[in-house]
Amino acid sequence: MHELGIVTHTAKTIVDLAEENHLKKIGSVTLEIGEVSGIMTELFCDCWDYFKVRYPVISESELKIEVLKAVTHCDDCSCEYETVKYGRICPKCGSEHTWLLTGNECIIKEVEAEEEEETGS
């Protein structure tokens with residue numbers, strides 16, 4: 001279950017971001033998760049809900065997930081195709097000289113937050 005480790009890292013990153021930018025409350029966090037990343041999004045959301053209560057700044061935050069399609073590139077014919085549908089073999093030329101272009105990432109895309117009010121004289 002690597003989801004908990006990723007959630008832990010993500011939460012700590014968001015908390016650090018909030019401290020650095022004087023944010024008092026995170027409303028939502030949007031992640032882009034590749035469809036072949038191996039991350040089970042439902043389990044990831046459950047881990048987020050469990051873990052966020054440890055940090056007041058993210059305790060009420062909503063986790064939003066956008067799934068990124070997996071795309072593979074063929075070095076022999078330069079075709080780009082859907083990885084999940086065709087796998088490692090290029091559907092255009094049958095080559096095995098392919099590599100994953102996108103679809104295995106986990107990226108913090110957006111953070112919605114409230115800034116701390118400045119107190120002054």
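Coordinates for the structure precede this section.
Residues numbered from 1 in each chain as written. Predicted model: local features only at pLDDT ≥ 70, side-chain atom pairs only at ≥ 80, totals over all residues. Heavy atoms only, no water.

(A) Broad picture of the overall build of the protein. Each helix and strand in the protein was counted, giving three helices and six strands. Ordered by position in the sequence, the α and β elements of the protein form the string α-β-α-β-β-β-α-β-β. What you see for the protein is a C-alpha radius of gyration of 19 Å, clearly larger than the 14 Å of a compact globule of 121 residues, by over 25%. By principal-axis analysis of the C-alpha atoms, the protein measures approximately 70 × 30 × 15 Å. (Helix = DSSP H or I, 4+ residues; strand = E, 2+ residues; numbered from the N terminus. Rg over C-alpha atoms; globule rule 2.2 N^0.38 Å.)

(B) Main features of the sheet that holds strand S4 (residues 80-82). Overall, antiparallel pairing links the three strands, which are arranged S4-S3-S5 in an open sheet. Unpaired on one side and paired on the other, S4 and strand S5 (98-102) mark the two borders of the sheet. The average undirected angle you get between the axes of adjacent strands in this sheet is 40 degrees. Alignment of strand S3 (residues 71-74) against S4, held across three bridges, turns out to be antiparallel. Across the sheet, the residue bridging to Val71 is Glu82, located in S4. (Pairing = 2+ DSSP bridges. Axes fitted to C-alpha atoms, helices over the stretch in contact; angles between N-to-C directions.)

(C) Just the packing of helix H1 (residues 3-20) against helix H2 (residues 41-51), in detail. Two elements in contact, H1 and H2, have axes separated by 9 Å at closest approach and are oriented at 50 degrees. Compared by their axis directions, H1 and H2 come out oblique. The interaxial crossing formed by H1 with H2 has right-handed handedness. In this structure, H1 uses Glu3, Leu4, Ile6, Val7, Thr8, Thr10 and Ala11 to contact H2, whose residues at the interface are Leu43, Phe44, Cys47, Trp48 and Phe51. Here the contact of H1 with H2 is composed, by residue class, of nine nonpolar, two polar and one charged. (Parallel < 35°, antiparallel > 145°, perpendicular 65-115°, else oblique. Left-handed = near helix turned anticlockwise from the far one by under 90°. Contact = heavy atoms within 4.5 Å. Nonpolar A, V, L, I, M, F, W, Y, C, P; charged D, E, K, R; others polar.)

(D) Structural context of the state of the cysteines. A complete count under the given rule lists zero disulfides for this structure. With no disulfide of its own, Cys47 lies 9.3 Å from the sulfur of Cys45, the closest cysteine sulfur. Under the relative-accessibility criterion, Cys47 is labelled buried at 6%. (Disulfide = S-S within 2.5 Å. Buried < 20%, exposed > 50% of the residue type's maximum accessible area, 1.4 Å probe, protein only.)

(E) Expanded view of the sheet that holds strand S2 (residues 62-68). A sheet is described by the order of its strands in space; here three strands give the open sequence S2-S1-S6, paired in mixed fashion. The open sheet has two free edges, formed respectively by S2 and strand S6 (106-115), since each of these has just one partner strand. Within this sheet the neighbouring strands show an average axis-to-axis angle of 20 degrees, counted without direction. Direction of pairing for strand S1 (residues 23-34) relative to S6: antiparallel, over a ladder of nine bridges. By the bridge assignment for S6, Ile26 is matched with Ala113.

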